[in-house]
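Here is what each chain is made of, one letter per residue.
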Amino acid sequence: MNYPLIGAISVFTFVLLATANAMIVPLDAAAVCETKLCIIVRTFSEYQTLTGAGLAIIAAFVAARPAWLQLQKMKLQQDIAARSAIVSRLKGIEGRARYMEKEVDSLLREIMNHLYDFDDEGEFGYVSTPVDPQWAHNMSSQCLSIASKLETHQKLMRDTHRIEAARRNVILALEALDDCLDGISLHERAQGEPEISSSQLEEFKKTEEKSRNDLPEKTREVKEALDAAKEVSASESKAIRRRLRRIDDAILAEAE
């Protein structure tokens, strides 16, 4: 639609009617118009101010619309230019999320398999058999390694604030689990050390017992933090994909 042409025609009509007022309408306001053209022009003259205001609004719209369309086109061009960066960031977000899910899930499965099993009656539940200190030490090292890698992801600052906040909770839960696993192996590792006194060994033994009791709860906390982080990552990825979809739709619409 040719908006500038419509605006020009509207202004021309306004000027024409204003000029015709003096040529067609009788000077005597009480005189009766004898033609339809006279009636139209007189009506216009009576509402000239209102008509002028309306035409001014139309003129302003006509003048602003090309600028608005140009702004929309510039926004689309910016989105198109940013699309590759958005895609790259999305791949990074999903890649880091997959790493966290894979590594933490693997850690949790190994711990759960060690803590839970079928009893003599075929019921699946917590195993009361003492946790092997060497196994706990190995799991502690693995737990600390995963937390350290996730901390590296945090420092990159390449994810959204929500994802980083959720991942921070996973890191804190892993660190608490690491302390618990380390406490289980502490007494075993301290035995035979000449600088460790018998009173210290007794304290380490108490720490070991407490850590054994806390292990199921600490494991559950890691799982809860991971599940929440998975949900946040999926939500953020979906939002980014929706933005990419809008850009692609706008590009296709522009092509038409």
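Report follows, based on the coordinates. (Residues numbered from 1 in each chain as written. Predicted model: local features only at pLDDT ≥ 70, side-chain atom pairs only at ≥ 80, totals over all residues. Heavy atoms only, no water.)

For the chain, the helix and strand inventory stands at 6 helices and 2 strands. Per-residue burial over the chain gives 29% buried out of 256 residues. Across the chain, contacts joining residues at least 24 apart in sequence account for 73% of those joining residues at least 6 apart. (Helix = DSSP H or I, 4+ residues; strand = E, 2+ residues; numbered from the N terminus. Buried < 20%, exposed > 50% of the residue type's maximum accessible area, 1.4 Å probe, protein only. Contact = heavy atoms within 4.5 Å.)

Attention now goes to the pattern of salt bridges. Close approach of charged atoms allows side chains with opposite charge to pair. Enumeration according to the criterion identifies 17 salt bridges in this entry. For Asp 105, the salt bridge identified is with Lys 230, shortest N-O distance 3.2 Å. Taken as a pair, Asp 105 in helix H3 (residues 48-115) and Lys 230 in helix H6 (residues 198-255) lie far apart in primary sequence, 125 residues in all. A salt bridge links Asp 159 to Arg 167; the shortest N-O distance between them is 2.9 Å. Under the relative-accessibility criterion, Asp 159 is labelled buried at 5%. Salt bridges here are not isolated pairs; linked through shared partners, they connect Arg 96, Asp 159 and Arg 167. (Salt bridge = Lys/Arg side-chain N within 4 Å of Asp/Glu carboxyl O.)

Here the focus is unusual backbone geometry. The phi angle at Met 157 is positive, at roughly 55°, despite the residue not being glycine. Tracing the backbone through its elements, the reader meets Met 157 in the loop between helix H4 (133-156) and helix H5 (161-190).

Before going further, it helps to spend a moment on empty space enclosed by the protein. The method is simple in principle: a probe with the dimensions of a water molecule rolls over the atoms, and the space it marks as empty is what remains. Under the definition given, this model contains 1 cavity of 30 Å³ or more. As a volume, the largest cavity reaches approximately 40 Å³. If you trace the largest cavity, you find it lined by Ile 93, Arg 96, Ala 97, Met 100, Asp 159, Ile 163, Arg 167 and Ser 233. Residue assignment for the lining of the largest cavity shows that the elements contributing at least two residues are H3 and H5. Ranked by the residues each element gives to the lining of the largest cavity, the list is headed by H3, at 4 residues. For the lining of the largest cavity, a count of residues per class yields 4 nonpolar, 1 polar and 3 charged. (1 Å grid on protein atoms, 1.4 Å probe; cavity = no way out; pocket = protein on both sides within 12 Å on 5 of 7 lines; lining within 4 Å. Points joined across faces, edges and corners; volume = space filled by probe spheres on them. Nonpolar A, V, L, I, M, F, W, Y, C, P; charged D, E, K, R; others polar.)

What follows deals with the nonpolar core. Core analysis: the biggest nonpolar cluster contains 36 residues, and Val 104, Leu 174 and Leu 215 have the highest contact counts within it. Sorting the residues of this core by element identifies H3, H4, H5 and H6 as the ones contributing at least two each. No other element matches the 10 residues that H5 contributes to this core. Those residues within four positions of Val 104 in sequence are excluded, and the remaining contacts are Ile 146, Val 170, Leu 174, Val 222 and Leu 226. (Core = buried A, V, L, I, M, F, W, Y, C linked by side-chain atoms within 4.5 Å.)

Moving on, we come to H4. For the α-helix, the turn length of 3.6 residues means that residues three or four positions removed from each other point alike. Here H4 spans 35 Å end to end across 24 residues, near enough to the 34 Å set by a 1.5 Å rise per residue. Every buried residue of H4 is accounted for by Pro 133, Trp 135, Ala 136, Met 139, Ser 140, Cys 143, Ile 146, Ala 147, Leu 150, His 153 and Gln 154. Met 157 lies just past H4 and shows a positive phi near 55°. (Expected span 1.5 Å × (residues − 1).)

Another aspect to go through is the packing of H4 against H5. In the contact formed by H4 and H5, the axes pass within 8 Å of each other and the chain directions differ by 155°. Relative to H5, the element H4 is oriented roughly antiparallel. H4 and H5 meet at a crossing whose hand is left-handed. Looking at the contact of H4 with H5 residue by residue, the classes come out as 15 nonpolar, 5 polar and 9 charged. (Axes fitted to C-alpha atoms, helices over the stretch in contact; angles between N-to-C directions. Parallel < 35°, antiparallel > 145°, perpendicular 65-115°, else oblique. Left-handed = near helix turned anticlockwise from the far one by under 90°.)

Residue position: Ser 211 is located in helix H6. At 2.8 Å, the side chain of Ser 211 forms a polar contact with the backbone oxygen of Thr 207. Among all residues touching Ser 211, those that are not within four sequence positions of it are Cys 180, Gly 183 and Ile 184. (Polar contact = N/O pair within 3.5 Å; in protein donor to acceptor, adjacent residues only side chain to side chain.)

A few words now on H5. Between its first and last C-alpha atoms H5 spans 42 Å; for 30 residues at 1.5 Å apiece the expected length is 44 Å, and the two agree. Along its length, H5 shows its largest kink, about 35°, at Ile 184. Trailing H5 by a residue or two, Gly 192 shows a phi angle of about 90°, which is positive. (Bend = angle between axes of the 7 residues up to and from the residue.)

The next point concerns the environment of Ile 240. Within the element layout of this structure, Ile 240 appears in helix H6. Once residues within four sequence positions are removed from consideration, Ile 240 is found in contact with Ile 86, Leu 90 and Ile 93.

Tracing the sequence through the fold places Ser 141 in helix H4. By relative accessible area, which is 43% here, Ser 141 ends up partly exposed. A C-alpha to C-alpha distance of 7.7 Å links Ser 141 and Asp 178, two positions 37 residues apart in sequence.

The values are spatial; any link to function lies outside them.
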